[in-house]
Protein chains: 2
Amino acid sequence: MADYSNKEAQIAVYAKALAHPARVAIIQLLLKKQTCICGAIVEELPLSQSTVSQHLKELKLAGLIKGDIAGVKTCYCIDKVEWNKAKKLLTGLFSMTFKKENCC
Amino acid sequence: MADYSNKEAQIAVYAKALAHPARVAIIQLLLKKQTCICGAIVEELPLSQSTVSQHLKELKLAGLIKGDIAGVKTCYCIDKVEWNKAKKLLTGLFSMTFKKENCC
DNA sequence: TTTATTAATCGTAAAATTACGATTAATAAA
DNA sequence: TTTATTAATCGTAATTTTACGATTAATAAA
């Protein structure tokens, strides 16, 4: 009956950001690669430039990444502070202990 | 250009399941509570019975929970095996190390 | 200055999500 | 058997997401 907690809402925001394989792929790319130029990301994905741009926008909206315009190109990278918040919340959820054996 | 990996796709499936505060709340409830009767879950959420049922269906579809019909009621609980798979994939993603300092 | 490159945004269509009330099917209780 | 309870499903409307091509704005290169 009560409303959701901030924590629950924020977990949902981060989870939603990772709720599409393209965005998961982008995040992994940014974690691994030396470069984070938008064009390179587009090349790695089976999607058009505009669609990739949209996914980048969503990740940016959730706070997980940030973009830095460098001339004609844009350099993306993980926002470490926000990423660690997400890590804390998500791993926190998954590290909760089961209070009882399954009832089902 | 290539397609997504199974891993990326599966991470997205689990993340999508957690991409709504109501479903995060349900999962937390099932992790904490002694009881997991559908009616009790409905009472805890600011949503109608049918909407909660829909969210339960989505969580079940992602594999994270299972339901056991017990007479007129239905008892829900976390699917531990699947939950641990999700835990492994998600915490795996978040434990990836940064290969370089931020470029932005 | 003109041309090319890069990435964001616009416009749009199709599909998916979210929410609800109403109905249904199944079991339990009277 | 009749009535009540529970939860799934149906039907539906509103919103959001996803995807693309086309256009735009900005910078770089010729």
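What counts, and where the lines are drawn
- Here, residues in each chain are numbered from 1, in the same order as that chain's written sequence.
- For this description, chains carry letters from A and ligands carry numbers from 1, given in the order in which they are written.
- Local features in this predicted model are restricted to residues whose pLDDT is 70 or higher, and side-chain atom pairs enter the listing and the counts only when it is 80 or higher, whereas totals over whole chains, interfaces and linings include all residues.
- Derived side-chain values reflect all non-hydrogen atoms in the structure, with water molecules and hydrogen atoms excluded from consideration.
- A run of DSSP states H or I qualifies as a helix once it reaches four residues; a run of E qualifies as a strand once it reaches two. Both are numbered from the N-terminal end.
- Here, two residues are considered to be in contact whenever any of their heavy atoms come within 4.5 Å of each other.
- The pairing criterion is simple: DSSP has to find at least two bridges between the two strands.
- The nearness test applies per residue and asks whether one of its heavy atoms lies within 4 Å of the molecule or strand.
- What qualifies as a polar contact is a pair of N or O atoms within 3.5 Å, subject to a donor-acceptor requirement within protein and to the restriction that residues adjacent in sequence count only when both atoms come from side chains.
- Accessible area that two parts lose when put together, evaluated with a 1.4 Å probe and summed over both, is termed the buried area.
- Salt bridges, as used here, are contacts in which a Lys or Arg side-chain nitrogen is within 4 Å of a carboxyl oxygen on Asp or Glu.
- Polarity classes work like this: nonpolar for Ala, Val, Leu, Ile, Met, Phe, Trp, Tyr, Cys and Pro, charged for Asp, Glu, Lys and Arg, and polar for all others, with Gly in that last group.

Colleague: Hey, could you run me through the environment of Val24(B) in this one?
Modeller: Residue placement: Val24(B) occurs in helix α2 (residues 21-32). Those residues within four positions of Val24(B) in sequence are excluded, and the remaining contacts are Glu8(A), Ile11(A), Ala12(A) and Leu18(B).

Colleague: How do you make sense of the pairing of strand β2 (residues 73-78) of chain B when you look at a structure like this?
Modeller: Side chains on a regular strand alternate between the two faces of the sheet. Judged from the six bridges that link them, strand β1 (residues 65-70) of chain B and β2(B) form a sheet pairing that is antiparallel. Opposite Ala70(B), over in β2(B), you have Lys73(B) as the bridge partner.

Colleague: Looking at this structure, I do not really get the protein's contact with DNA strand D. What am I missing?
Modeller: As a structural note, the neighbourhood of DNA strand D is formed by 23 residues, with Lys16(A), His55(A), Ser53(B), Val72(B) and Tyr76(B) the closest of them. Backbone atoms, meaning sugar plus phosphate, form 60% of the atoms of DNA strand D positioned within 4 Å of the protein. At a separation of 3.0 Å, a phosphate oxygen of DNA strand D approaches a polar backbone atom of Ser48(A). In the model, a base oxygen of DNA strand D is placed 3.3 Å from a nitrogen or oxygen of the Ser50(A) side chain. Elements with a minimum of two residues in the surface near DNA strand D: α4 (49-62) of chain A together with α3 (38-44), α4 (49-62) and β2 of chain B. If you tally residues by element for the surface near DNA strand D, the top one is α4(A), at five residues.

Colleague: Which parts of the structure should I look at to understand the interface of chain A and chain B?
Modeller: Much of the literature gives interface size as the accessible area that the parts lose upon coming together. The interface is formed by 54 residues belonging to chain A together with 54 residues belonging to chain B. Across the chain A to chain B interface the summed buried area is about 5000 Å²; carbon plus sulfur atoms make up 69%. Connecting chain A to chain B are zero salt bridges. On inspection of chain A and its partner chain B, the count reaches two residue pairs in polar contact (both at pLDDT 80 or more). Put simply, the parts of the chain that give the side of chain A that touches chain B at least two residues each are α1 (6-17), α2 (21-32), α3 (38-44), β1 (65-70), β2 (73-78) and α5 (80-94) of chain A. A class-by-class count of the residues in the side of chain A that touches chain B yields 32 nonpolar, eight polar and 14 charged.

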